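Report on the structure
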Amino acid sequence: QDAVVRDQLVQAIMEEKAQRELADLCTGAAALLSIGGYSRFDLRQRADGSLWIIDVNPNPDIGPGTGFRKALAAARIEFADFLNELMISALSRRTR
């Protein structure tokens with residue numbers, strides 16, 4: 001099903017600087033809120049290009065057809081790869 005969803009999505013085209021700002025904003029907020037594992041951030045962009053977070057979901061639904069799965073598909077991240085990274089991350093936090 002993810003392949004079908006992927007064919008219906010358009011990947012965002014962002015400059016590298018904007019990608020870094022987006023990643024820094026979200027990872028900083030996740031650290032500030034002590035969010036581990038996976039989460040979903042809803043953002044908006046002002047006319048001047050600046051970004052702001054309007055919602056944080058620290059436990060989004062990852063079932064088929066959900067916004068999270070659509071975002072993975074748009075980013076060309078296979079669901080199995082996401083789950084693998086999620087488990088590796090969880091195990092590494094557990095052994096600290």
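As shown above, the structure is provided for reference.
Everything numeric in this text was worked out from a predicted model, so none of it was measured.

A closer look at the packing of aromatic side chains
- If you walk through the whole model with that rule in mind, you get four aromatic pairs.
- Where Y38 meets F68, the ring centres are 5.5 Å apart and the plane angle is 65°; that geometry is what we call edge-to-face. With Y38 in the loop between α2 (16-32) and β1 (40-45) and F68 in helix α3 (residues 67-74), this pair connects stretches of sequence that are 30 residues apart.
- Under the relative-accessibility criterion, F68 is labelled buried at 10%.
- Taken together, the ring pairs connect Y38, F68, F79 and F82 into an aromatic cluster.
- Over the ring of W52 we find R46, and its NZ or CZ is 4.3 Å from the ring centre.
- A cation sits over an aromatic face here: R69 above F79, 3.6 Å from the ring centre.

Structural notes on the pattern of salt bridges
- Scanning all chains against the criterion turns up four salt bridges.
- K17 serves as the salt-bridge partner of E21, at 3.7 Å between the closest nitrogen and oxygen. Note that E21 and K17 are positioned in helix α2 at a spacing of four residues, about one turn of the helix.
- The partner of R40 in a salt bridge is D42, with the nearest N and O atoms 3.1 Å apart.
- With a relative accessible area of 27%, R40 lands in the partly exposed category.
- Overlapping salt bridges bring together R40, D42 and D55 as one network.

Thresholds applied
Residues numbered from 1 in each chain as written. Predicted model: local features only at pLDDT ≥ 70, side-chain atom pairs only at ≥ 80, totals over all residues. Heavy atoms only, no water. Phe/Tyr/Trp six-rings, centres within 6.5 Å; stacked < 30°, edge-to-face > 60°. Helix = DSSP H or I, 4+ residues; strand = E, 2+ residues; numbered from the N terminus. Buried < 20%, exposed > 50% of the residue type's maximum accessible area, 1.4 Å probe, protein only. Lys NZ or Arg CZ within 6 Å of the ring centre and 35° of its normal. Salt bridge = Lys/Arg side-chain N within 4 Å of Asp/Glu carboxyl O.

Interpretation in functional terms is not warranted from these geometric data alone.
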